[in-house]
Amino acid sequence: EEVRANTRAVTAAEVIANLTVQPDEIVLGAEPGPRDIVFTGTFEEVEDHFYAQEWSDGLPIVPPTMAKIEQFLSFTPRKPDEVLGVVLPASRAVTVWATAVNGVMAGCKPEYMPILVALAEAMCDPIYGVEHSGNTPGADTLIVLNGPIIKQLGFNYEQGALRDGFKPNTSVGRFWRLALRNMAGFLPHKTDKGCFGNTWRVVLAENEDALARIGWPSNAEDMGFKTGDNTVTITRMTGGDVMPSVTGATPELLMPYLADGVAKETGWEISFTVGGLTHGTLRPALVISPILAETIAKAGWSKAEVKRYLYDHARMPAGRVEVMMEKWTVFKITSLKHQVNLGKLSRDFAESDDPNRMVPIVTDPADFMVLVSGDPLRTNAYAFAHNGYLGFPVAKKITLPKDWEKRIAKG
């Protein structure tokens, strides 16, 4: 009754007014050019001005002076005015110059610039879907870094992974949030409609030494590159939780706890798997510490076998999935069996009519992201819930300047 009353008394009148009343002309002020000096003043005055213009995330920024921007640009072979893409909601061009500006503001060092350019390219990739970054669940991006550049620039990949306090991981993670604000145009209470929101995440760098010891491919290889390539991967996560004290000397003892943690982290996100929102775009992530990975690998398990185990055991009751879709979130699918009959899901989702049967949370074992990072001697793991096609994983190779080795040696 409330919906009907508001539709008739409020919504209908506003729709008619929008269709029939000529709005007042609005004159938009010209945006400053890329190389315009937008403000001069003390450090505090610059901070206040940038915050008032909504160019700052509320934390102190490094003023992007021309000299600092030029330092960043010297670390990429790309032209400053090169357009990497045009992104919503602001329909702004993402340029190499703007990437450098936001990198300076975030507190990055100039030598991080190749990573920032790769991230900007990933932002422009339509497969990722940056236009969904302001959606109401407030999901935020996880950046995964691979390659020799991790050690060359001092990224943390051991104790304290995913915690701030390490300049490369922290400042590059903050760059992403500033880039969403200043290049894509996501502003809280305007175009960013996150009901609660996650803050930006520090970069997760994989422990490639541990991966090499056990013979597992890195995330770079999982994403279509070579292990050893410098790459960044972006993927939007709705949330995550830790699994501490994973005990056991064999995969058979370790994996049930890990699979349970992955399954519990996924709730309404199952709609990205079973057709409530899409079919098969859910990409949950499991981060395991090196000692866990080594214990599993010593038993002869490959990373693919870990993913297969998660597919077979990180499951939800079919009845819960259907209630979640049909009653709680109203992402209508009729039933899992109906989706199977339509050819949208495999028979794994309709092995019987028992509502207590356990069904997968993804459509393929390869959909799980398995990452190795964190304290080498702690038996902990971390599971992330994924935001489906509203932030699908995208990886880009990092292009280094020709004199890279010489430049970083001086640093």
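Our subject is the structure that appears above.
Summary of the structure given here. Keep in mind the model is a prediction, meaning the values are calculated, not measured. (Residues numbered from 1 in each chain as written. Predicted model: local features only at pLDDT ≥ 70, side-chain atom pairs only at ≥ 80, totals over all residues. Heavy atoms only, no water.)

Taken as a whole, this structure holds eight aromatic pairs when the rule is applied. Ring geometry for Y112 against F155: centres 6.1 Å apart, planes inclined by 50°, an arrangement best described as tilted. In this pair, Y112 sits in the loop between α4 (96–105) and α5 (113–124) while F155 sits in the loop between α6 (149–152) and α7 (167–184), placing the two residues 43 residues apart along the sequence. Classification of F155 by relative accessible area gives buried; the value is 3%. With 5.9 Å between their ring centres and 75° between their planes, F272 and Y389 make a pair best called edge-to-face. Within this pair, whereas F272 is found in helix α11 (residues 271–274), its partner Y389 is found in the loop between β10 (381–386) and β11 (394–397), the two being separated by 117 residues in sequence. For Y389, a relative accessible area of 32% translates into the label partly exposed. Sitting over the face of the ring of W97, R35 holds its NZ or CZ atom 4.1 Å from the ring centroid. (Phe/Tyr/Trp six-rings, centres within 6.5 Å; stacked < 30°, edge-to-face > 60°. Helix = DSSP H or I, 4+ residues; strand = E, 2+ residues; numbered from the N terminus. Buried < 20%, exposed > 50% of the residue type's maximum accessible area, 1.4 Å probe, protein only. Lys NZ or Arg CZ within 6 Å of the ring centre and 35° of its normal.)

Before going further, it helps to spend a moment on the nonpolar core. Across soluble globular proteins, nonpolar side chains have a tendency to be buried as a group. In this structure, M113, I115, L119, L145, F155 and V172 are the most contacted members of the largest nonpolar core, which totals 56 residues. Broken down by element, this core gets its largest block of residues, 10 residues, from α5. Discounting chain neighbours no more than four positions away, the residues touching L145 are I115, I150, F155, V203, L204, A205, E206, T231, V232 and I398. Membership of the second largest hydrophobic core comes to 48 residues, among which are Y309, Y311, L345 and V372. (Core = buried A, V, L, I, M, F, W, Y, C linked by side-chain atoms within 4.5 Å. Contact = heavy atoms within 4.5 Å.)

In this section: the packing of α5 against α7. Packing of α5 against α7 leaves a shortest axis separation of 11 Å and a crossing angle of 40°. The orientation of α5 with respect to α7, classified from their angle, is oblique. In the packing of α5 onto α7, the handedness of the crossing is right-handed. Residues I115, L116, L119 and M123 of α5 pack against V172, F175, W176, A179 and L180 of α7. Class assignment of the residues belonging to the contact of α5 with α7 gives a composition of nine nonpolar, no polar and no charged. (Axes fitted to C-alpha atoms, helices over the stretch in contact; angles between N-to-C directions. Parallel < 35°, antiparallel > 145°, perpendicular 65-115°, else oblique. Left-handed = near helix turned anticlockwise from the far one by under 90°. Nonpolar A, V, L, I, M, F, W, Y, C, P; charged D, E, K, R; others polar.)

So, on to the packing of helix α10 (residues 251–265) against helix α12 (residues 290–298). Two numbers describe a pair of packed helices, the interaxial angle and the distance between the axes. One way to put it is that α10 packs onto α12 with a least axis distance of 9 Å and a crossing angle of 130°. Viewed along their axes, α10 and α12 adopt a mutual orientation that is oblique. Crossing angle aside, the handedness with which α10 passes α12 is left-handed. Within the contact between the two elements, α10 uses P251, L254, M255 and L258 and α12 uses L292, T295 and I296. Here the residues of the contact of α10 with α12 sort into six nonpolar, one polar and no charged.

All right, on to the pattern of salt bridges then. The full count for this structure, using the stated rule, is 21 salt bridges. Residues D375 and R378 are paired through a salt bridge, measuring 4.0 Å at the closest nitrogen-oxygen approach. Judged by relative accessible area, which is 16%, D375 ranks as buried. Take R378: its relative accessible area is 53%, and that puts it in the exposed class. Taken together, the salt bridges that share partners define one network made up of R78, E82 and E121. (Salt bridge = Lys/Arg side-chain N within 4 Å of Asp/Glu carboxyl O.)

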